[in-house]
Amino acid sequence: PPEKSVLATCIRRRRALGYLETYRELARRYPQVNYSTLTTREPENLDSALPNYLGKRYLQQYFLSGALEEDAGIKLNPENWHVYLCGNPAMIGAPQRTPSGPAPPSPGGMVHALKQRGFPTGQSDEPSRVHFEKYWKQHRHNLSIQVLIRKPAAPTRRLSSRAARGPASRRLQT
């Protein structure tokens with residue numbers, strides 16, 4: 001079966017969703033692509049009197065509640081899925097460097113949520129399944145947060161320690 005890709009975007013207002021039609025077309029053409037959008041500042045997020053009221057929807061809650069998996073028709077398994085995070089540092093929630101070592105931000109972001117679900121985050125000797133950007137420039141008028149979850153076609157491989165010493169001894173380990 002083809003690889004499955006799940007793209008979840010959280011934005012304040014729908015009008016700021018960049019490439020919305022392009023992503024929808026990809027999801028329509030390719031059944032292995034799932035595209036979900038969440039908003040936090042639309043009427044259905046703020047006005048509980050509306051019949052379609054949802055409340056504010058953040059990626060961390062969407063992921064931890066199981067709704068992302070349900071909507072995408074998948075079961076995320078830390079052994080065979082990778083997660084790519086892009087956006088606001090508070091949503092990513094990468095551990096902050098402190099004199100006593102890495103400390104998660106408060107409240108926890110996606111890194112903390114993924115760690116709760118067993119995803120290796122690269123803070124130990126095991127290879128990370130969670131990848132994120134470390135650069136951020138905030139544009140208040142176009143704030144977008146994205147999560148891409150991708151299941152690789154083959155097991156992740158890494159270079160042996162011998163491979164790091166030179167090209168003549170390059171071998172892959174599973």
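Residues numbered from 1 in each chain as written. Predicted model: local features only at pLDDT ≥ 70, side-chain atom pairs only at ≥ 80, totals over all residues. Heavy atoms only, no water.

Observations concerning the overall build of the chain
When helices and strands are counted, the chain shows 6 helices and 9 strands. Put simply, of all contacts in the chain between residues at least 6 apart along the chain, 62% involve residues at least 24 apart. Summed over its atoms, the accessible surface of the chain is roughly 11,200 Å², and 51% of this surface lies on carbon and sulfur atoms. (Helix = DSSP H or I, 4+ residues; strand = E, 2+ residues; numbered from the N terminus. Contact = heavy atoms within 4.5 Å. Areas by Shrake-Rupley, 256 points an atom, 1.4 Å probe, with all protein chains shown as cover.)

Quick notes on the nonpolar core
The biggest cluster of nonpolar side chains holds 23 residues, and the ones touching the most others in it are L59, L85, L114 and F119. Listing elements by their share of this core, those giving two or more residues are β1 (5-11), α3 (59-64), α4 (67-72), β3 (82-86), α5 (89-92) and α6 (110-116). Of all the elements, α6 adds the most residues to this core, at 4 residues. (Core = buried A, V, L, I, M, F, W, Y, C linked by side-chain atoms within 4.5 Å. Buried < 20%, exposed > 50% of the residue type's maximum accessible area, 1.4 Å probe, protein only.)

A look at the side chain of T39
Tracing the backbone shows T39 in strand β2 (residues 33-39). At a separation of 2.8 Å, a polar atom in the side chain of T39 contacts the side chain of N45. Setting aside anything within four residues of it in sequence, one finds T39 in contact with I11, R12, R13, R14, E44, N45, K56 and R57. (Polar contact = N/O pair within 3.5 Å; in protein donor to acceptor, adjacent residues only side chain to side chain.)

Some details on the pattern of salt bridges
Throughout the structure, instances matching the rule amount to 6 salt bridges. Across the pair R24 and E21 runs a salt bridge whose closest N-O atoms are separated by 3.3 Å. You can see R24 and its partner E21 sitting in helix α1 (residues 20-29), 3 residues apart, about one turn around the helix. With a relative accessible area of 43%, R24 lands in the partly exposed category. E69 is paired through a salt bridge with R117; the nearest N and O atoms lie 3.1 Å apart. (Salt bridge = Lys/Arg side-chain N within 4 Å of Asp/Glu carboxyl O.)

A look at the confidence of the model for the chain
Overall, the predicted model of the chain reaches an average pLDDT of 78, with 74% of residues at or above 70. Confidence drops under pLDDT 50 across residues 139-144; counting only partners more than four residues distant or on other chains, this segment forms 15 contacts. Across residues 156-174, confidence stays below pLDDT 50; counting only partners more than four residues off in sequence or on other chains, it has 20 contacts. (pLDDT = per-residue confidence, 0-100.)

Remarks on the packing of aromatic side chains
Summed over the entire model, instances satisfying the criterion amount to 2 aromatic pairs. Summarising the aromatic geometry, the rings of F63 and F119 are spaced 6.5 Å apart at their centres and angled 65° between planes, so their arrangement reads as edge-to-face. Taken together, the residues F63 in helix α3 and F119 in the loop between α6 and β6 (130-132) connect sequence positions 56 residues apart. By the burial criterion, F63 is buried, and F119 matches it. (Phe/Tyr/Trp six-rings, centres within 6.5 Å; stacked < 30°, edge-to-face > 60°.)

Focus on the pairing of β2
Counting buried residues along β2, 5 of its 7 residues qualify, which places the element largely inside the surrounding structure. Pairing analysis gives 7 bridges linking β1 to β2, with the strands arranged parallel. Bridge pairing in β2 links S5 to V33. Once the chain exits β1 it traverses α1 before rejoining the sheet at β2, and the crossover so formed is right-handed. (Pairing = 2+ DSSP bridges. Right-handed = clockwise from strand over helix to strand, strands pointing away.)

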